[in-house]
Amino acid sequence: MTLFNKPLMMIGALLALLGQGAYGAVDAEVAKNIKARLHAANPRASYGDVRESPISGLYEVEVDGSRTLFVSKDGGHFVFGDLYQVGSGSLVNLSEERRTKQRVEVMEEQDLGEMIVFSPKGETKAHIYVFTDVDCGYCRKLHQDVPELNRRGIEVRYLAFPRAGLDSLGYRKIATAWCAEDRNKTLTALKNLENVPLEVCKNNPVAEQYRLGNEVFGVRGTPTIVMQDGTVMPGYLPPDTMVKALGI
């Protein structure tokens, strides 16, 4: 069995994970009524499980796998956005704290063998996930930093994200890297603008990784870096900044 015969977790299962309860069980009738009213108002959206929120009388519901609604008990009103806790001299984004933990869980469920991984020769001190494209200037710049990141103990785990979509030349290019016998070498050659014959194999994981980025992580551009703690950093980071952000 090849690596490509072991597909990524289905997106629906990932979205279910993102909807798992954080603050306690909700009365089944309350949850049913909230979801029914939301669905009646907008049947095109996808709604996750109903959870208790830290605010009495408000319930959390994930919509389309990436954003949170804070809904009244009768389902008649909601607030869209992040929930903050007001502390002494600080504001804490509770919604983002929960999302970072969920991102870690989602990534840990992925098959590392279906990513293109550049590992340090010595001790691995930390790792990052990078949604990447081969036609992206800052993706090339980050890739040029990979030897330095590896030297500093950072493992780089690439996931495919063809910015132009799954019917594009960019898809064929990046799928060629995932289908190659030496995927690391081929990805590097493509990012270096070398003339690489395009060969797209069946059952490659590019489409699933693209959907993962779109539907679960809200990727809107490349590179998008998912740090080891689940923090998402859109765009390029130089090695010194990366090391500092990872705390190594």
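Up top is the structure.
Keep in mind that what you see is a predicted model, and the values were worked out from it rather than measured. Throughout this description, residue numbers start from 1 for each chain and increase along the sequence as written. For this predicted model, a pLDDT threshold of at least 70 governs which residues receive local features, and a threshold of 80 or more governs which side-chain atom pairs are given and counted, while totals over whole chains, interfaces and linings are taken from all residues. Note: side-chain values were computed over all heavy atoms of the structure, leaving out hydrogens and water.

Asker: Just give me the short version of the packing of helix H6 (residues 169-179) against helix H7 (residues 183-191), but keep the residues and values in it.
Answerer: Note on geometry: axes are lines fitted to C-alpha atoms, helical ones only across the stretch in contact, with angles between N-to-C directions running from 0 to 180 degrees. Only runs of H or I of at least four residues qualify as helices and only runs of E of at least two qualify as strands under DSSP, and these elements are numbered from the N terminus. Contact geometry of H6 with H7 gives a least axis separation of 7 Å together with a crossing angle of 155°. Between H6 and H7, the angle falls in the class roughly antiparallel. Here H6 contributes Lys 173, Thr 176, Ala 177 and Trp 178 to the contact with H7, which in turn contributes Arg 183, Thr 186, Leu 187 and Leu 190. In the contact of H6 with H7, the residues fall into four nonpolar, two polar and two charged. For classification, angles of less than 35 degrees are called roughly parallel, those exceeding 145 degrees roughly antiparallel, those between 65 and 115 degrees roughly perpendicular, and all remaining angles oblique. Residue contacts are defined here by distance: any two heavy atoms, one from each residue, within 4.5 Å place the two residues in contact. For this classification, Asp, Glu, Lys and Arg are treated as charged, while Ala, Val, Leu, Ile, Met, Phe, Trp, Tyr, Cys and Pro are nonpolar and the rest, including Gly, are polar.

Asker: Help me get a handle on the packing of aromatic side chains, residues and values and all.
Answerer: Any two aromatic rings considered together are summarised by their centre-to-centre distance and by the angle between their planes. For this analysis, a ring pair means two rings from Phe, Tyr or Trp (six-membered ring only for Trp) whose centres lie within 6.5 Å, classed as stacked if their planes differ by under 30 degrees, edge-to-face if by over 60, and tilted for the remaining angles. Throughout the structure, instances matching the rule amount to five aromatic pairs. Measuring from ring centre to ring centre gives 5.9 Å for Phe 118 and Tyr 158, while their planes differ by 90°; the resulting arrangement is edge-to-face. With Phe 118 in strand S7 (residues 116-118) and Tyr 158 in strand S9 (residues 154-160), the pair connects residues that are 40 residues apart, well separated along the chain. Using a relative accessible area of 13% as the deciding quantity, one classes Phe 118 as buried. A 1.4 Å probe rolled over the protein chains alone gives each residue an accessible area, and that area as a share of the maximum for its type sets the label: buried under 20%, exposed over 50%, partly exposed in between. According to the relative accessible area criterion, Tyr 158 is buried, its value standing at 0%. Look at Tyr 138 and Tyr 236: their rings are 6.1 Å apart centre to centre, the planes differ by 35°, and that puts the pair in the tilted class. Taken together, the positions of Tyr 138 in helix H4 (residues 137-144) and Tyr 236 in the loop between strand S11 (232-234) and helix H9 (239-246) put the pair 98 residues apart, joining distant regions of the chain.

Asker: Account for the pattern of salt bridges, with residues named and values stated.
Answerer: Within this document, salt bridges are pairs made up of a side-chain nitrogen of Lys or Arg and a carboxyl oxygen of Asp or Glu, the two lying within 4 Å of each other. As enumerated under the stated definition, the model contains 14 salt bridges in all. The shortest N-O distance in the salt bridge between Arg 51 and Glu 62 comes to 3.4 Å. Of the two residues, Arg 51 is situated in strand S1 (residues 47-52) and Glu 62 in strand S2 (residues 58-63); the sequence distance between them amounts to eleven residues. For the pair formed by Arg 51 and Glu 62, the shared burial category is buried. For Arg 163, the salt bridge is made with Asp 133, and the minimal N-O distance between the two is 3.0 Å. In this pair, Arg 163 is assigned in the loop between S9 and H6 and Asp 133 in the loop between strand S8 (126-132) and H4, connecting sequence segments 30 residues apart. In this structure, a network of salt bridges that share partners links the residues Arg 51, Glu 60, Glu 62 and Arg 98.

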